[in-house]
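Coordinate inspection notes
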Amino acid sequence: MHLQIGTARIELLQGDLTRDDSDAIVNAANSGLMGGGGVDGAIHRAGGPVILEECREIVASRGRLPTGQAVITGGGRLPARHVIHTVGPVYSGRPGDPKLLASCHTESLKLAAECKLVSVAFPAISTGVYGYPVEKAAPVALRAVAEFLKGNPEGPVRRVRFVLFSAAALEAFRAAARQTQNAEL
């Protein structure tokens, strides 16, 4: 399934993010950027130690990464040339959660555009150990990406993929995409 936003496209698929060949994949990182479980650990394992070394340098110079912000490293051994690291919110059910989750997507895409990247692939940020229900996260993520693409019609980012690990996550994103299409975002 896909959504067309002007000349840009949002794609939804089930798969392994570490095998995606987009210009950049987005890592659902922790604030220390030191790897961990879930997609974060998988990206660090597949990309090799060069990613961790670059993350250490970023933390040494800037400190821990705040929730909703993003930084970029090389892709190491990944098919993607870059990894954009963003820290998603730990789900609390409070009104600020969607704003922080949207910021993860927007800030990642801003960084991709600054680096003149054409394609970016996201996981379902915060839906694992951070506890954000995927059926609540999907519409926030899709809306943030669609709004960014609509607001940057001449920008370099032309394709955004959501590479989702499970069939349940894919179905939640498909349902949200249908709602997004109906809302004419």
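Quick note: structure is the one above.
Remember, it's a predicted structure, so these values are computed and weren't measured experimentally.

With that settled, consider the pattern of salt bridges. Across all of its chains, the model carries nine salt bridges by this definition. Its salt-bridge partner being Asp20, residue Arg161 comes within 2.8 Å of it at the nearest N-O pair. Pair noted here: Arg161 is in strand E7 (residues 159–164) and Asp20 is in the loop between strand E2 (8–14) and strand E3 (24–29), with a separation of 141 residues, a long-range link. What makes Arg161 buried here is its relative accessible area of 16%. We classify Asp20 as buried; its relative accessible area is 6%. Between Glu53 and Arg56 there is a salt bridge, and its shortest N-O distance comes to 3.8 Å. Taken together, the residues span about one helical turn, with Glu53 and Arg56 both in helix H2 (residues 49–62) at a distance of three residues. Each member of the salt-bridge network shares a partner with another, and the members are Arg9, Glu11, Asp20, Asp21 and Arg161.

About the criteria used
Residues numbered from 1 in each chain as written. Predicted model: local features only at pLDDT ≥ 70, side-chain atom pairs only at ≥ 80, totals over all residues. Heavy atoms only, no water. Salt bridge = Lys/Arg side-chain N within 4 Å of Asp/Glu carboxyl O. Helix = DSSP H or I, 4+ residues; strand = E, 2+ residues; numbered from the N terminus. Buried < 20%, exposed > 50% of the residue type's maximum accessible area, 1.4 Å probe, protein only.

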